[in-house]
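Now for the letters of each chain:
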Amino acid sequence: MRKMVVSSKVGLEDIIRANHVLSRVIEPSPLQRNELLSNLYECNVYLKREDMQIVRSFKIRGAYNVIQSLTPEEREAGVVCASAGNHAQGVAYSCKQLGIEGKIFMPTTTPRQKISQVKLFGGSFVEVILTGDSFDDSSNHAKAYCAQENKVFIHPFDDVRTIAGQGTVGLEILNQMPESPDFIFATIGGGGLVAGVATYVDSVSPRTRIIGVEPEGAASMTEALKQGKVVTLSTIEKFVDGAAVKQVGELTFDICKEKLEDIVIVPSGKECTTILELYNNNAIVIEPAGALPVAALDAYREQIRGKNVVCIISGGNNDIDRMQQIKERSLVYEGLKHYFILNFPQRAGALREFLEEVLGPTDDITRFEYTKKNNRDDAPALVGIELKNKDDYEGLIERLSQKDYGYIEINKDPKLFNLLI
């Protein structure tokens, strides 16, 4: 693997220089005041729409900034990257623009929509290689390939030039705001975006508080800050694919431990609710990682009242095939969807009795299947029930408890829930 000699610190001048370079290929993304969110939180909420970039995420910034800086010899050798999707699109677009060959390593779990977009943006200049179950797996394979073929690895977050490119988001925010924001909320995956934004904003508007946001199932920066060093999580939840990283960068960690005010951890169900609300209320289509900053506002409701707040919508590469899963997670999180294993007695009328005497007038069965079909004594069934109001749950449980069949609440058993639902 070719070793690139670069500085180990990101400075204000690096971000300003990156902004000049990026002006050749992108326009500043819109900064929009959101009326509904502003009214809800009694403050001025602005959305920095990086989902409206040409590759529908901020990743074009860091990728292009790195690749355009390569020497003629490095360009000739070609580049390699590992990505869950958005960085891959940025690298693919940059390769095509600069006429450089690229190998794109992506996890096998990457949504089809992101794979298709990589091929679209890179055209004949890139080859997509699906390998591993997570970003970290793909990254290890990509680095091994680089070492073998003597190519340049374009890191998605732990490179000064990548961080500087992402930092131009912060530069644009301060240029677009009528006055400096009080808070900026930004998603953390590997940490490149929040590190770059924090570097610029801390230099120009030190009173602005930078709040990082991580998914509950992959809070690698939170764990690193807790232990005082970069650590590798043993397992992560891959649902928020744009931020599902087992290990943050060394450079990004060093910046975040100095410049971040706080990190908010968001459950996956909460971010799913946010995705649906932004779509239904604002016609904004965003991916799970892009929803995290808005989902984090509830945790800061009191602190942000009357303030100027920016949420960076980091990406909008959401596969429509995932929308049913997103809706399901949202309903469960909001207490509107409940799953049970019900042990129906094998007697005539038992099922009808359940429908008439257990279900509430507005409750709806959304799933029903017997788990054993050849047992004469009882008939266990997996039952999904959707409520109109989460307050109806207590009545449902009370009526279930009064009947003569046992039940297990799957929602309260994470292992069983993941296995069956």
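Look above for the structure.
Residues numbered from 1 in each chain as written. Predicted model: local features only at pLDDT ≥ 70, side-chain atom pairs only at ≥ 80, totals over all residues. Heavy atoms only, no water.

Q: Talk me through empty space enclosed by the protein; I want residue IDs and the actual numbers.
A: Counted by the stated rule, this structure contains 1 cavity of 30 Å³ or more. In this structure, the largest cavity spans a volume of roughly 300 Å³. Lining the largest cavity are 27 residues, with Lys59, Gly189, Gly190, Gly242 and Ala243 positioned closest to its centre. Counting residues per element, the ones that place at least two in the lining of the largest cavity are α5 (86–98) and α9 (192–204). Across the lining of the largest cavity, the residue classes tally to 12 nonpolar, 11 polar and 4 charged. (1 Å grid on protein atoms, 1.4 Å probe; cavity = no way out; pocket = protein on both sides within 12 Å on 5 of 7 lines; lining within 4 Å. Points joined across faces, edges and corners; volume = space filled by probe spheres on them. Helix = DSSP H or I, 4+ residues; strand = E, 2+ residues; numbered from the N terminus. Nonpolar A, V, L, I, M, F, W, Y, C, P; charged D, E, K, R; others polar.)

Q: Tell me about the layout of surface pockets, residues and numbers included.
A: Reported here for the largest pocket is a volume of approximately 700 Å³. Mapped by element, the contributors of at least two residues to the lining of the largest pocket are α12 (268–282), α15 (323–333) and α18 (414–420). If one sorts the elements of the lining of the largest pocket by residue count, α15 sits on top with 5 residues.

Q: Kindly report on the side chain of Asp14, identifying the contributing residues and their values.
A: When you line up the elements, Asp14 lands in helix α1 (residues 12–22). By relative accessible area, which is 17% here, Asp14 ends up buried. A polar contact of 2.7 Å, which involves the side chain of Asp14, links it to the backbone nitrogen of Gly11. If near-sequence neighbours (up to four positions away) are discounted, Asp14 is found in contact with Lys9, Val160 and Ala164. (Buried < 20%, exposed > 50% of the residue type's maximum accessible area, 1.4 Å probe, protein only. Polar contact = N/O pair within 3.5 Å; in protein donor to acceptor, adjacent residues only side chain to side chain. Contact = heavy atoms within 4.5 Å.)

Q: Any details on α9? Residues and values, ideally.
A: For α9, which comprises 13 residues, the first-to-last C-alpha distance of 19 Å matches the rise-based estimate of 18 Å (1.5 Å per residue) to within 8%. If you check which residues of α9 are buried, you get Gly192, Leu193, Val194, Ala195, Gly196, Val197, Ala198, Thr199, Tyr200 and Val201. Among the structural elements, α1, α8 (160–176), β7 (183–187), β8 (209–215), α11 (250–259) and β10 (308–313) are those in contact with the buried residues of α9. (Expected span 1.5 Å × (residues − 1).)

Q: So what about helix α3 (residues 59–67)? Which residues, and what values?
A: Burial runs high along α3: 9 of the 9 residues are buried. Looking at the buried side of α3, the elements it contacts are α1, α4 (72–77), α5 and α8.

Q: So what's going on with unusual backbone geometry? Residues and values would help.
A: Of note in this structure, Asn150 is not a glycine but carries a positive phi near 60 degrees. Within the element layout of this structure, Asn150 appears in the loop between α7 (135–149) and β6 (152–153). The exposure class assigned to Asn150 is partly exposed, which follows from its relative accessible area of 38%.

Q: An account of the pattern of salt bridges is requested, with residue identities and associated values reported.
A: Within the structure shown, the criterion is met by 27 salt bridges. In this structure, the salt-bridge partner of Arg305 is Glu42, at a minimum N-O distance of 3.5 Å. With Arg305 in the loop between α14 (301–304) and β10 and Glu42 in the loop between α2 (35–41) and β2 (44–49), this residue pair connects regions lying 263 residues apart in the sequence. Looking at Arg305, the relative accessible area reads 33%, which means it is partly exposed. A single salt-bridge network, built from bridges that share partners, covers Lys48, Glu50, Arg61 and Glu172. (Salt bridge = Lys/Arg side-chain N within 4 Å of Asp/Glu carboxyl O.)

Q: Can you tell me about the packing of aromatic side chains, naming the residues and giving the values?
A: Evaluation of the coordinates by the stated rule reveals 8 aromatic pairs. When the centroid spacing of 6.1 Å and the interplanar angle of 80 degrees are considered together, the rings of Tyr93 and Phe121 count as edge-to-face. On the criterion of sequence distance, the pair formed by Tyr93 in helix α5 and Phe121 in helix α6 (residues 112–122) is long-range, its members being 28 residues apart. With respect to burial, Tyr93 and Phe121 carry one shared label: buried. Between the aromatic rings of Phe185 and Tyr300, the centroid separation amounts to 5.6 Å while the plane-to-plane angle is 85 degrees, which identifies the pairing as edge-to-face. Remark: Tyr300 occurs in the loop between α13 (288–295) and α14 and Phe185 occurs in strand β7; sequence separation between them is 115 residues. Classification of Tyr300 by relative accessible area gives buried; the value is 5%. We note Arg329 situated over the ring of Phe239; from NZ or CZ to the ring centre the distance is 4.0 Å. (Phe/Tyr/Trp six-rings, centres within 6.5 Å; stacked < 30°, edge-to-face > 60°. Lys NZ or Arg CZ within 6 Å of the ring centre and 35° of its normal.)

Q: I'd like a description of the side chain of Glu287, backed by residues and values.
A: Within the secondary structure, Glu287 sits in the loop between α12 and α13. With residues near it in sequence (within four places) discarded, Glu287 still touches Asn86, Lys114, Gly242, Ile275, Gly315, Gly316, Asn317 and Asn318.

Q: Give me the lowdown on the nonpolar core, citing residues and values where you can.
A: Ile184, Val197, Ile210 and Ile312 are the most contacted members of the largest nonpolar core, which totals 36 residues. When residues of this core are traced back to their parent elements, those giving at least two are α1, α8, β7, α9, α10 (220–227), α11 and β10. Other than its neighbours up to four places away in sequence, Ile312 contacts Lys48, Glu50, Val169, Ile173, Ile184, Phe185, Ala186, Leu193, Val197, Gly290 and Pro293. By size, the runner-up hydrophobic cluster in this structure holds 33 residues, among which are Leu37, Tyr41, Phe239 and Tyr300. (Core = buried A, V, L, I, M, F, W, Y, C linked by side-chain atoms within 4.5 Å.)

Q: I'd like to hear about the sheet that holds β6, residue by residue, with values.
A: Pairing in this open sheet of 4 strands is parallel, and the strands run β5-β4-β3-β6 from one edge to the other. Lying at the two open borders of the sheet, with one neighbouring strand each, are β5 (126–130) and β6. Where strand β3 (residues 79–82) meets β6, 2 bridges bridge the pair, whose relative direction is parallel. Residue Val80 lies in a different strand from β6, and its bridge partner there is Phe153. α7 rests against β3, β4 (102–106) and β6 of the sheet, and its axis sits at about 160 degrees to β3. (Pairing = 2+ DSSP bridges. Axes fitted to C-alpha atoms, helices over the stretch in contact; angles between N-to-C directions.)

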